[in-house]
Every structure is written in structure tokens, then in C-alpha cells.
Amino acid sequence: TVRDWIPKEGVDQTFLLRGPEIRLRTKSGNDMRVTSEKGEIEAQQQIGGVMARRGRLSGNVLIEFDRRTAERKAALPEPERVNLDAEDLAPIEADELDFDLEYDKLIIPGPVRLTASDASLTASDLEVRFNQAQGRVESMRINRGGRIEISVGADLGMALPGIEPSSGGETTLVEWLRNTI
């Protein structure tokens, strides 16, 4: 959804957006909400409407990733399904976000911050290439600087000495990075 949109003057199938909000669901059933102050998308005509091909979101870009899987949410009573605890949320903040669905890539030029209950990532100039068909990340590159902090006992989705594996029911940070970015 968007608060307002207008065609970009002189460019076919390109639209300027005000207040875009995008809601997605991953193959694992995780919900994601992406918001920004403004955006620009290049769309392609399809049967039943238009589909974004590439674009840019800018101004307080926020990606809110619900780490709970569909199975975990289904086991909760109805009111608890919509309420998120801080542990369930992995917000990502950036100034801008560029995406290209034709070439399966996401670029965040400039600073990016992920702050989850068990991990944080601070970096600049992030580029992610993904495989939509398989629903996974092919590569992730940080071009400038970067810091990842992981809490002791955090569920990383991999075996590390002294860290017990997850009891299931939530998507780990590594699984999320691999499957959704």
C-alpha cells in the first residue's frame, strides 16, 4: 500500500511513491513489513495489474521481520498471533534500499543496522543476491566496515561449542539471513 503515488514524468511504467508499506511472507511463513517515507518503482504490466521489477525506497527505511514461523504462530492463541515480543522481531534500519527482482539482488547503500534480541549487525554498503525460486540467499557482501555481535547462547542455526541448538519454533538469525534477505 502507499499513501500516494504518481507516474514519473517522461518515464514509462515508473512511479513515485509516498509512504510505501510492503507486506511479504517468506516460504517459511515468516511475516515481513517494509516501510519508508518515499519510493520509486519500475513496474511491468501483467495480467491483473502491475508487478514491481526494480526500485528504490528511501527515507527511514524499516524492515520488520517476524522471526516466528507459521507453525509457531499457529500454535498460539489468536490474540497472541498478532502481538510481537521484542524477541520475535528483527528490525533492520537503513536510509535507502535498492532492489532488482529481475536480477535477484538487494543493495543497501550507506549504513544498515539490524538489532535483534540475540544479535546485531552494523555495516555499510550491503549487497545481497538471492535465489527466489529456492527462497534463499546466494551471497551477502558488506563493502565497507561492519560489526556483528551475537549474544552468548544465541540460536545461530549451526553447531558451536558451548551453544545448544534451538528447540525449534523460531527462525534463527542465520536462517533468516540465508533464506530471506
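Everything below is about the structure shown above.
Every chain is numbered on its own, with residues counted from 1 as its sequence reads. Local features in this predicted model are restricted to residues whose pLDDT is 70 or higher, and side-chain atom pairs enter the listing and the counts only when it is 80 or higher, whereas totals over whole chains, interfaces and linings include all residues. The side-chain figures draw on all heavy atoms in the structure; neither hydrogens nor water molecules are used.

*Asks:* Pulling in residues and values, what's your account of the layout of surface pockets?
*Replies:* In this analysis the probe radius is 1.4 Å and the grid spacing 1 Å, with only protein atoms considered; a cavity is a set of points the probe fits into but cannot get out of, a pocket is an open set with protein on both sides within 12 Å along at least five of seven lines, and lining residues have an atom within 4 Å of a point. Grid points are joined across faces, edges and corners, and a volume is the space filled by probe spheres set on the points. Considering only enclosed or pocket space, the second largest pocket measures out at about 260 Å³ in volume. In this structure, the second largest pocket is lined by 13 residues; those nearest its centre are Arg 23, Asp 31, Met 32, Arg 33 and Asp 66. Among the residues forming the lining of the second largest pocket, the class breakdown is five nonpolar, no polar and eight charged. Think of it as three bins: nonpolar holds Ala, Val, Leu, Ile, Met, Phe, Trp, Tyr, Cys and Pro, charged holds Asp, Glu, Lys and Arg, and polar takes everything else, Gly as well.

*Asks:* An account of the side chain of Arg 67 is requested, with residue identities and associated values reported.
*Replies:* Numbering goes from the N terminus for both helices and strands, where a helix is a DSSP run of H or I of at least four residues and a strand is a run of E of at least two. Note on placement: Arg 67 falls in the loop between β6 (49–66) and α1 (70–74). Looking at Arg 67, the relative accessible area reads 2%, which means it is buried. Partly exposed describes any residue whose relative accessible area lies between the buried limit of under 20% and the exposed limit of over 50%, with all areas from a 1.4 Å probe on protein chains only and scaled to the type maximum.

*Asks:* Could you give an account of the pattern of salt bridges, with specific residues and numbers?
*Replies:* Within this document, salt bridges are pairs made up of a side-chain nitrogen of Lys or Arg and a carboxyl oxygen of Asp or Glu, the two lying within 4 Å of each other. Within this structure, the stated rule accounts for 22 salt bridges. Here Glu 21 ties to Arg 33 by a salt bridge, and the two come within 3.5 Å at their closest N and O atoms. Of the two residues, Glu 21 sits in strand β3 (residues 21–25) while Arg 33 sits in strand β4 (residues 31–35), which places them 12 residues apart along the sequence. Residue class for Arg 33 comes out partly exposed when judged on its relative accessible area of 25%. In this structure, Asp 125 and Arg 144 form a salt bridge, with 2.7 Å as the shortest nitrogen-oxygen distance. Of this pair, Asp 125 sits in strand β9 (residues 119–131) while Arg 144 sits in strand β10 (residues 136–150), and the two are 19 residues apart along the sequence. One salt-bridge network, held together by shared partners, links Arg 25, Asp 31, Asp 66, Arg 68 and Lys 73.

*Asks:* Got a sec to walk through the environment of Asn 30? Specific residues and values, please.
*Replies:* Within the secondary structure, Asn 30 is located in the loop between β3 and β4. The exposure class of Asn 30 is buried, given its relative accessible area of 1%. Remark: the alpha-carbon pair of Asn 30 and Arg 68, spanning 38 residues in sequence, is separated by 6.0 Å. Think of a polar contact as two N or O atoms within 3.5 Å of one another; within protein, one of them needs to be a possible hydrogen donor and the other a possible acceptor, and neighboring residues in sequence only count if both atoms come from side chains. There is a polar contact of 3.1 Å between the side chain of Asn 30 and the backbone oxygen of Arg 67. There is a polar contact of 3.0 Å between the side chain of Asn 30 and the backbone oxygen of Arg 68.

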